[in-house]
Amino acid sequence: MSVRETVPIVVETTDSVDQKRAFDYWRSTALARVDATPLAPDIPFAAGRRLAITRHGAILHTLSKPIGVERTTQHVRRDGRDDIAIVLLVQGSGYIEQGNSGAVLGAGDIAIHAMDQPFAIGSRDSYEEIRLQVPRAAFVSQVGSVHAFAGRGLRATPLSGLFATYLRSFSETVGGMSEAEAGIALEGVLHLLRALADRQGETAGDELSGDAVRALALAHIERRLHDPAFGPESLPTALRVSRSRLYAAFTGDEGVAAKIRDARLDRAYKRLRGGTRIGSVMTSCGFTDAATFSRAFRRRFGVAPRDVLERRP
């Protein structure tokens, strides 16, 4: 039996490095293609990141003490890199500058910069970021002109919350994906970024693959399961795809509404197995009527919710 090949993961950290050498180590390894400066030299430096490189791009999840990074003309000439970086600031506050553009960044904001031009980016305090680096051609074809975005900050909005959820999920699960699956996930990320940049977005999903539409929909469903008013009618607008494209992505299933119902019930089952009370489970999974919840749960799992709670280990 052949072994399924998945995307390799590399973990880099200063944990095993002598404290006095931690920053120099990080600067010469993780930050070898830029100039780096500690922005809080009185604080012991520490950093770590999880890196996955695929044929479609790279995704990096980094936690670090305050640091400033500058990529100069000399760096650009030396390595000739031409990819585009999309940075989600998960925690902390920072800044970005490229060309004539710049922005102050807060948690939840997104920044974009091109590697073939000088830039400066940094955080004023300890930070967490998820960074996606994609080929210029992929960015241009799926998002738009690099010049229009470089050095800009996209502010946190409800839609950027979906982007953050999806990007974090991609970062956490990419190690179990094949190259093809990673390509689909990356396509979904770029689609959401395009929708963020273009609020009109009525035609933003025209070229999105069915697999990517499905992946985006499932991520959004997981994010909204607690909301009893959430249903399939809100998905096309949230994902910037047409109703027909959305429903086509779930061909072969019972339908989008059934997928949402089953996702609610699956979450409820897991939480009951963990010992959460039935009332709390209902609230967190979007159910408002105990009888309706009990009937749906029994149809899916063949047992009542109370039975699962009482039989847990």
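These remarks concern the structure in this document.

The rules we used
- Residues numbered from 1 in each chain as written.
- Predicted model: local features only at pLDDT ≥ 70, side-chain atom pairs only at ≥ 80, totals over all residues.
- Heavy atoms only, no water.
- Pairing = 2+ DSSP bridges.
- Helix = DSSP H or I, 4+ residues; strand = E, 2+ residues; numbered from the N terminus.
- Axes fitted to C-alpha atoms, helices over the stretch in contact; angles between N-to-C directions.
- Salt bridge = Lys/Arg side-chain N within 4 Å of Asp/Glu carboxyl O.
- Buried < 20%, exposed > 50% of the residue type's maximum accessible area, 1.4 Å probe, protein only.
- Contact = heavy atoms within 4.5 Å.
- Expected span 1.5 Å × (residues − 1).

Some details on the sheet that holds strand β10 (residues 119-123)
- Read across the sheet, five strands follow the order β2-β5-β10-β7-β8 without closing on themselves; strand pairing throughout is antiparallel. The open sheet has two free edges, formed respectively by β2 (35-38) and β8 (101-105), since each of these has just one partner strand. Neighbouring strand axes in the sheet, compared pairwise and without regard to direction, differ in orientation by 10° on average.
- As paired elements, strand β5 (residues 67-71) and β10 share five bridges and run antiparallel to each other. Counted as the bridge partner of G68 is G122 from β10.

Observations regarding the pattern of salt bridges
- A full pass over the atoms with the stated rule returns 15 salt bridges.
- Here D83 and R81 are joined by a salt bridge, their closest N and O atoms 2.8 Å apart. Here D83 matches R81 in class, with each residue buried.
- Taken together, the shared-partner salt bridges in this structure form one network comprising R261, D262, D266 and R300.

Quick look at the sheet that holds strand β11 (residues 127-134)
- Reading across from one edge, β1-β3-β4-β11-β6-β9-β12 is the order of the seven strands in this open sheet, with antiparallel pairing throughout. In this open sheet, the two strands that pair with only one neighbour each are β1 (9-13) and β12 (153-154).
- Where strand β3 (residues 47-54) and strand β4 (residues 57-64) come together, eight bridges link them in antiparallel fashion. The residue bridging R49 from the neighbouring strand is T62, located in β4.
- Most of the contacts of helix α5 (residues 158-173) go to β11, to which it runs at about 80°, and overall it touches β3, β4, β6 (84-91), β9 (110-114) and β11.

Let's talk about the side chain of T62
- Mapped onto the fold, T62 is located in strand β4.
- Its relative accessible area of 7% is what places T62 among the buried residues.

Comments concerning helix α10 (residues 256-273)
- With 18 residues, α10 ought to run about 26 Å at 1.5 Å a step, and its terminal C-alpha atoms sit 26 Å apart, in line with that.
- Here the buried face of α10 lies against α7 (210-224), α8 (235-239), α9 (243-249), α11 (278-284), α12 (290-301) and α13 (305-311).
- Following α10 by one or two positions, G275 adopts a phi angle in the positive range, close to 100°.

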